[in-house]
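# Report on the structure
Listed here are the chains, written in short residue letters.
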Amino acid sequence: MATNLLYAQNNHEQVGEYLITGSVTNLSTHLALVGANLSLSVPSSATHSDQNGNYKFSVKQGIYHLKCDFIGYIPLDTLVQVNSNVVLNLSLTISQQNLKEVKVKGTGSPKEIATQSLSILEGEQLDHTRGFSLGESLKSITGVTTFQTGPSIAKPIIHGLYSNRILILNNGVRLEAQQWGSEHAPEIDPFIANRLEVIKGAASIRYGSDAIGGVILAEPKALPKNPGMDGEINAIGMSNSRLGAFSGMLEGAFDKKLTGLSYRLQGTFKIAGNSSTPNYLLANTGLREQDGSAAVQYHHKNYGFEAYYSVFNTKLGIFQGAEVGSIADLKLAIEQTEPLTPSFFTYAIDRPYQTVNHQTLKLNSFYNFENGSKLRFQFANQTNTREEYDFLPLNGRINPELYLKINTQTADINYEHKDLGNFSGSFGFNGITQGNIRKYEYLIPNYRNYGGGAYFIEKYTHGNLLLEAGLRYDYRWLRAYKLNNNTALIETPTTHYQSASYTIGTTYSITDALKLSGNYSSAFRAPTVNELYSNGIHQSLVSYEIGNPDLHTERANNFNINLDYTTSRLLINVQAYYNSINNFIFANPTNQYTRTVRGPALVFNYTQADVYFRGLDFNLILKPVDSLELNSKTSLIYAYNKTIHDYLIYTPPSRFQNSIGYHFGNLSGLKRIFFSVEDVYVSKQSRVPVGQDYVLPPAGYNLINLQLSFRVNYLHNYADVSFAVNNLTNTAYRDYLDRFRYFTDEPGRNFIVRLKVPFKISKTTHTNR
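Residues numbered from 1 in each chain as written. Predicted model: local features only at pLDDT ≥ 70, side-chain atom pairs only at ≥ 80, totals over all residues. Heavy atoms only, no water.

## Focus on the overall build of the chain
Per the secondary structure count, the chain includes five helices and 42 strands. Its C-alpha radius of gyration of 26 Å places the chain within 12% of the 27 Å reference for a compact globule of 769 residues. If you line up the chain on its principal axes, its C-alpha atoms span 90 × 60 × 55 Å. Residues classed as buried in the chain amount to 57% of the 769 residues present. Counting 67 positive and 62 negative side-chain charges, the chain places the averaged centre of each group 3 Å from the other. (Helix = DSSP H or I, 4+ residues; strand = E, 2+ residues; numbered from the N terminus. Rg over C-alpha atoms; globule rule 2.2 N^0.38 Å. Buried < 20%, exposed > 50% of the residue type's maximum accessible area, 1.4 Å probe, protein only. Lys, Arg positive; Asp, Glu negative; His and termini not counted. Charge placed at Lys NZ, Arg CZ, Asp CG, Glu CD.)

## A closer look at the pairing of strand E22 (residues 353-368)
Both faces of the sheet carry side chains from a regular strand, because those side chains alternate between them. As paired elements, strand E21 (residues 303-317) and E22 share 15 bridges and run antiparallel to each other. Within the sheet, the bridge partner assigned to Thr314 lies in E22 and is Val356. Sheet topology note: the E22/strand E23 (residues 374-389) ladder contains 16 bridges and is antiparallel. Residue pairing for E23: Thr360 is matched across the bridge by Gln382. (Pairing = 2+ DSSP bridges.)

## With respect to the nonpolar core
Where a protein is soluble and globular, its nonpolar side chains tend to be buried together. By size, the foremost hydrophobic cluster in this structure holds 57 residues, and its most contacted members are Ile581, Phe584, Phe613, Tyr742 and Phe743. The greatest single-element share of this core, amounting to seven residues, is contributed by strand E35 (residues 599-625). With 22 residues, the next largest nonpolar core counts Phe57, Tyr64, Leu66 and Leu88 among its residues. (Core = buried A, V, L, I, M, F, W, Y, C linked by side-chain atoms within 4.5 Å.)

## Some thoughts on the sheet that holds strand E7 (residues 76-82)
With antiparallel pairing, the four strands of this open sheet are ordered in space as E4-E3-E6-E7. On the outer flanks of this sheet lie strand E4 (45-48) and E7, each paired with one strand and no other. Each neighbouring strand pair of the sheet contributes to a mean axis angle of 25°, computed without reference to strand direction. Taken together, the four bridges between strand E3 (residues 37-40) and E4 define a ladder with antiparallel strand orientation. The partner of Leu38 across the bridge, within E4, is Thr47. (Axes fitted to C-alpha atoms, helices over the stretch in contact; angles between N-to-C directions.)

## So, the packing of aromatic side chains
The tally for this structure, following the rule as stated, stands at 33 aromatic pairs. Both rings, one in Phe147 and one in Tyr650, keep their centres 6.4 Å apart while their planes meet at 85°; by these two values the pair is edge-to-face. Placement of Phe147 in strand E11 (residues 144-149) and of Tyr650 in the loop between strand E37 (646-647) and strand E38 (655-667) is noted, with a sequence separation of 503 residues between them. Accessibility classification places Phe147 together with Tyr650 in one group, the buried group. Within the aromatic cluster, the residues linked to one another by ring pairs are Phe319, Tyr593, Phe604, Tyr694, Phe740, Tyr742 and Phe743. Across from the ring centre of Tyr353, 4.4 Å away, lies the NZ or CZ of Lys315, which sits over that ring. (Phe/Tyr/Trp six-rings, centres within 6.5 Å; stacked < 30°, edge-to-face > 60°. Lys NZ or Arg CZ within 6 Å of the ring centre and 35° of its normal.)

## Describing helix H4 (residues 327-335)
Every α-helical turn comprises 3.6 residues, leaving residues that sit three or four positions apart pointing alike. Taken together, the buried positions of H4 are occupied by Leu330, Ala333 and Ile334. Along H4, the residues classed as buried sweep out an arc of 100° about the axis, all on the same side. For H4, the exposed residues lying more than 90 degrees away from the buried face are Ala328 and Glu335. On its buried face, H4 is in contact with strand E34 (570-596) and E35. (Arc of directions from axis to C-beta. Contact = heavy atoms within 4.5 Å.)

## Considering the pattern of salt bridges
Scanning the model with the defined rule gives 23 salt bridges in all. Of the charged contacts in the structure, one is a salt bridge between Glu388 and Arg386, with a shortest N-O distance of 3.4 Å. Judged by its relative accessible area of 0%, Glu388 is buried. Between Arg734 and Asp745 there is a salt bridge, with the nearest N and O atoms lying 2.7 Å from each other. With Arg734 in the loop between strand E41 (717-726) and strand E42 (750-762) and Asp745 in the loop between E41 and E42, this pair connects stretches of sequence that are eleven residues apart. Pair check on accessibility: Arg734 and Asp745 agree, each one buried. Each of Arg165, Arg525, Glu531 and Glu554 takes part in salt bridges that share partners, so that together they form one network. (Salt bridge = Lys/Arg side-chain N within 4 Å of Asp/Glu carboxyl O.)

## Examining unusual backbone geometry
The peptide bond linking Arg351 to Pro352 adopts the cis configuration, its omega dihedral lying at 0°. Here Pro352 lies in the loop between H4 and E22. In the Ramachandran plot, Asn171 falls in the positive-phi region, its phi being about 55° despite a non-glycine side chain. Here Asn171 shows up in the loop between strand E13 (166-170) and strand E14 (173-174).

## Examining the environment of Ala380
Here Ala380 lies in strand E23. The spatial distance from the C-alpha of Ala380 to the C-alpha of Ile63 is 51 Å, given a sequence separation of 317 residues. Beyond its immediate stretch of four places on either side in the chain, Ala380 contacts Val173, Leu361, Lys362, Thr408, Gln409 and Thr410.

## Some points on the environment of Lys155
Tracing the backbone through its elements, the reader meets Lys155 in strand E12 (residues 153-158). As a C-alpha pair, Lys155 and Ser133 span 22 residues in sequence and 8.9 Å in three-dimensional space. Ignoring any residue separated from it by four or fewer positions in sequence, one finds Lys155 in contact with Thr145, Thr146, Phe147, Ser163, Gln179, Gly181, Ser182, Glu183, His184 and Ala185. A polar contact is formed between the side chain of Lys155 and the backbone oxygen of His184, at a distance of 3.4 Å. (Polar contact = N/O pair within 3.5 Å; in protein donor to acceptor, adjacent residues only side chain to side chain.)

## Some thoughts on the side chain of Glu306
Along the polypeptide, Glu306 turns up in strand E21. Here Glu306 falls in the buried class, since its relative accessible area comes to 16%. Apart from residues lying up to four places away in sequence, Glu306 is in contact with Asn171, Ala295, Val296, Gln297, Lys362, Leu363 and Asn364.

## A word on a nonpolar patch on the surface
A grouping of Tyr309, Leu361, Leu363, Tyr367, Phe369, Leu375, Phe377, Phe379, Ile413 and Phe429 is seen on the molecular surface, where their side chains present a nonpolar patch of about 820 Å² in accessible area. Listing elements by their share of the nonpolar patch, those giving two or more residues are E22 and E23. By the secondary structure assignment, Leu375 is in strand E23. Given a relative accessible area of 34%, Leu375 falls into the partly exposed group. (Patch = residues over 30% accessible without salt bridge, like charges linked within 9 Å, V, L, I, M, F, W, Y side chains within 5 Å. Areas by Shrake-Rupley, 256 points an atom, 1.4 Å probe, with all protein chains shown as cover.)

## Regarding the confidence of the model for the chain
Close reading of the predicted structure is inappropriate where its pLDDT is low. Counting all residues, the mean pLDDT for the chain is 88, and 93% of those residues have values of 70 or more. Element-level pLDDT for the chain is lowest in strand E1 (residues 6-9), with a mean of 36, against a maximum mean of 97 in strand E19 (residues 261-272). Here residues 96-111 is a poorly scored stretch, pLDDT under 50, and it has 78 contacts once near neighbours within four places are set aside; other chains count. Note on residues 764-769: pLDDT under 50 across the span, and 27 contacts to partners over four residues away in sequence or across chains. (pLDDT = per-residue confidence, 0-100.)

## Points about the pairing of strand E27 (residues 465-484)
Bridge count for strand E26 (residues 446-462) against E27 is 17 bridges, and the pairing is antiparallel. Residue pairing for E27: Gly453 is matched across the bridge by Asp474. The sheet contact formed by E27 and strand E29 (residues 494-509) spans 15 bridges and is antiparallel. By the bridge assignment for E29, Trp477 is matched with His496. Pairing analysis gives three bridges linking E27 to strand E28 (residues 489-491), with the strands arranged antiparallel. Note on E28: the bridge partner recorded for Lys482 is Glu491. Between E27 and the antiparallel strand that follows it, E28, lie four residues; Ala488 among them carries a positive phi value of about 60°.

## Things to note about the environment of Glu401
Inspection of the secondary structure puts Glu401 in the loop between E23 and strand E24 (402-420). Relative accessible area serves as the criterion here: at 5%, Glu401 is assigned to the buried category. In sequence terms Glu401 and Asp390 are eleven residues apart; their C-alpha atoms lie 6.5 Å from each other. Aside from chain neighbours lying at most four places away, what touches Glu401 is Arg351, Glu388, Tyr389, Asp390, Phe391, Pro393, Lys439, Tyr440, Glu441 and Arg598. Within the local environment of Glu401, its side chain forms a polar contact with the backbone nitrogen of Asp390, the two atoms lying 2.8 Å apart.

In structure tokens:
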């Protein structure tokens, strides 16, 4: 058990009566643990950490037995000698017998919205998703599903909302790529992240006006502070697609005259061949991926600087069974239960395919003032290049059919003022400039985009009550360079969007274990360039999309209520939400087909309607004894199109995940042996508009997954090993939110082996790991 106890003796405030105060944090991330249970044996008293992870006991002189526990972490038990005021900061380590679940808690950071639901994926739970894409990794969180395009492309959905309504921050940088595309997966290497956070609900105040569905934060662990050098190797193999992934990381910190300077290098290589369903292989569905990142940081007591650079490279094969020569063949491909062309396994990727390169440069700094206030500044530059290749044309042209390159600069300034009594808060500014270049075939136009927003968040804390409110104002300028097909001339329509977003919420701790919170947010989202001006083939979706330049901004009014009950044996989280969105924009299937030089396609028109989403997330973790844990998750969602008085298309069906796990302890040379069985049931989506889609929704399905993990000690080190089987019964099924359900089944049984080996090159005692 690793702990980090810091004692500081203060002067007596009052003769015979002293305070034990401090904070409870995650040892790896240094983030506050909210709601941790703390107790003193003699005299008997208990409390829990507050929204900032802080706690307080009032005691007399003596020696006390202090216990601290938080679900999913190794409990801390220590003696405290009190003859003056004592500051005791507690850092807890994630339990290796961790509950196989994400932890749901309010955020402890004063710069974010504390009354919104925050779900976190880290530690062993995150390790068990290694090898999957970002979207697939997040599916274990209640309320989060994916919008898929075949076996290799997945975009996260939060409470039924996806694409531009979900902001993704990679190491603090708002991801700006061609994310408007429903089949454009986030360009993030999940191996970079040591922690994935999901904020469910409108989070526009802090992160931007278009975050009306939520925010995903991919956070690397903090750079080391203590001198030394170490690293970590991850290796993954999967039977389905015969995927192999290898990731390595090296990091360290200097001493002597370079104290405060640290660094990290990281790289990932991934390769996969054709995926297989239970009954056939999927032609040309392999992938190649090479990613890398480097970071250097200097921290002084009151100021610091960081530079970060990352590159993401991928090549994705596009299922050839959806790329056919005529409309008749396309209709036939949809009607058949299996692809028309048989396939075999290969790692080779032939046309059609896509390549994506994404580069990110981040520079940030901070300064802590003597009065307790903090100033942070960040600048980022991102360049994203996407190329899409169809079948080789008869004229032998080797250029891509579509080329898009977008360059983005963002700047963020945030100031956290010092606490004024019970008040704390921050204000800041975000700015963005973008330029997009297109070549070859037309799908979206070239464009320039400028935007900015200013915000203010304030909190009031009194006892068990927290109140907060936030206000933001955004402006956006967009000019497109649009081709007029009738005149062959370039037109430059220019649009301006501006509006305010606001939020208000409260949290009240009814008891040490029970907490109730509620939040209301109103936010807007301006139409994106593809929704306004698309006019072309979207390759991997086999869709011809037509924009609408008359679209208006979306306005979302989101209500959510959270109830959390947390003890060392039981965690219950219930979240109910209602999100009403006026002028909701979506690509509506027309049930029509078209024929272009890039082949036949399904036709989708961008339209908008007044809609609402309402739903319930339920999460239960029960640990009746130390070795046994039960986990149950339920996600229910109902969406309705008020404009046409019918259901809203492409809404996630109900999802139920239940698992049971057992810790066997140690057996011979194997340590911390853990085995679990999980059942995932996804119902049929029966609430769909009649006759609006190309095919009826598929049937519901049930999957069984197994997991076995253990640790092997060798020399003075260890390795974590896990084996998993997904879709144990090799069930053939189709998922309603996979656009390739028109053509194929989902992948079948998949055996997975994962190996994680941390190592040390030179002596170090990292307190932040």
